[in-house]
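Working through the structure, step by step
Below are the chains, spelled out letter by letter.
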Amino acid sequence: MKRTMLTGAICILATMTIAGEVAPDDVVFSEYGEVEKSLSGLEGDPTTGKEIMVARGKGNCIACHQVTALEEFPFHGEVGPTLDGIAERRNAAELRGIVANAKMTYDGTIMPAFYKVSGFTRPGDAFTGNAADGPLSPLLTAQEIEDVVAYLQTLSE
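Conventions used here
- Residues numbered from 1 in each chain as written.
- Predicted model: local features only at pLDDT ≥ 70, side-chain atom pairs only at ≥ 80, totals over all residues.
- Heavy atoms only, no water.
- Helix = DSSP H or I, 4+ residues; strand = E, 2+ residues; numbered from the N terminus.
- Buried < 20%, exposed > 50% of the residue type's maximum accessible area, 1.4 Å probe, protein only.
- Contact = heavy atoms within 4.5 Å.
- Polar contact = N/O pair within 3.5 Å; in protein donor to acceptor, adjacent residues only side chain to side chain.
- Core = buried A, V, L, I, M, F, W, Y, C linked by side-chain atoms within 4.5 Å.
- Axes fitted to C-alpha atoms, helices over the stretch in contact; angles between N-to-C directions.
- Parallel < 35°, antiparallel > 145°, perpendicular 65-115°, else oblique.
- Nonpolar A, V, L, I, M, F, W, Y, C, P; charged D, E, K, R; others polar.
- Salt bridge = Lys/Arg side-chain N within 4 Å of Asp/Glu carboxyl O.

Observations concerning the overall build of the protein chain
Summing up its helical and strand segments, the protein chain has five helices and zero strands in all. Moving toward the C terminus, one meets the helices and strands of the protein chain in the order α-α-α-α-α. Looking at the protein chain as a whole, 32% of its 157 residues qualify as buried. The contacts of the protein chain with a sequence gap of at least 6 include a subset with a gap of at least 24, amounting to 54%.

In structure tokens:
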């Protein structure tokens, strides 16, 4: 009986978590690109966000941005602005919008949209003509976006 109740409780919690997630095509951006609500329905974890910021297979934010707090990791880029003190210049809604799809804030930016699955040239079409079939996943999950935002909010002067 206890096992059945525990299993039921876990299923309910999992459903609540999934139900709170916003799908990439359903993200609501303000006129200036902010995304007010959490994309995952959960708080972000700054420790995980830091890992995503430096992971070459994930966000790899330091490939384009300089971040003094991450100086122990090599190869910081100079394409994008420094992220030092970003928490003092941008709030969570602004950061969430920029990470999800920076083009909603900065028209013409070369920053990738990390939470977008449609409305772009599919990888492969522009170069080889051999794009993968089927739906594409976003570069980062809803929770990973929240984690990056949580980390960025720790970057104050």
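Some thoughts on the side chain of Glu146
One can find Glu146 in helix H5 (residues 142–152). A distance of 2.8 Å separates the side chain of Glu146 from the side chain of Arg96, its partner in a polar contact. If we ignore the near neighbours within four places in the chain, the residues touching Glu146 are Ser38, Leu39, Ser40, Leu42, Gly44 and Arg96.

Digging into H5
Counting buried positions along H5 yields 10 of 11 residues, so the element is predominantly enclosed. Within the span of H5, buried status applies to Ala142, Glu144, Ile145, Glu146, Asp147, Val148, Val149, Ala150, Tyr151 and Leu152.

With respect to helix H2 (residues 46–54)
Since the α-helix packs 3.6 residues into each turn, any two residues three or four apart lie on the same face. Taken residue by residue, H2 has Gly49, Ile52, Met53 and Val54 as its buried positions. Close packing links the buried residues of H2 with H5.

Focus on the nonpolar core
By size, the foremost hydrophobic cluster in this structure holds 29 residues, and its most contacted members are Leu39, Met53, Val67, Ile145 and Leu152. Breaking this core down by element, the ones donating at least two residues are H2, helix H4 (92–101) and H5. Counting residues per element, this core draws most heavily on H5, which supplies six residues. Residues in contact with Leu39, not counting those within four places in the same chain, are Gly20, Glu21, Val22, Val27, Arg96, Ala100, Tyr115, Ala142, Ile145 and Glu146.

Here we look at the packing of H2 against H5
Relative orientation of the contacting elements H2 and H5 amounts to 100 degrees, with a least axis distance of 7 Å. With respect to their mutual orientation, H2 and H5 come out roughly perpendicular. Counted together, Pro46, Thr48, Gly49, Lys50, Ile52 and Met53 of H2 and Glu144, Asp147, Val148, Ala150, Tyr151 and Leu152 of H5 form the full contact between these two elements. Considering only residue class, the contact of H2 with H5 consists of seven nonpolar, two polar and three charged.

What to know about the pattern of salt bridges
Once the charged atoms of two side chains with opposite charge are near each other, the side chains can pair. All told, the structure shown has four salt bridges when counted by the stated rule. Of the charged contacts, one joins Lys50 and Glu72 as a salt bridge, the two residues approaching to 3.6 Å between their closest N and O atoms. Linking Lys50 in helix H2 with Glu72 in the loop between H2 and helix H3 (86–89), this pair joins segments that are 22 residues apart in sequence. Put simply, Arg96 and Glu146 hold a salt bridge, and the shortest N to O gap is 2.8 Å. Placement of the pair is Arg96 in helix H4 and Glu146 in helix H5, with a sequence separation of 50 residues. The exposure class of Arg96 is buried, given its relative accessible area of 7%.

Note that every value here comes from positions in space, so none of it alone points to a role or purpose.
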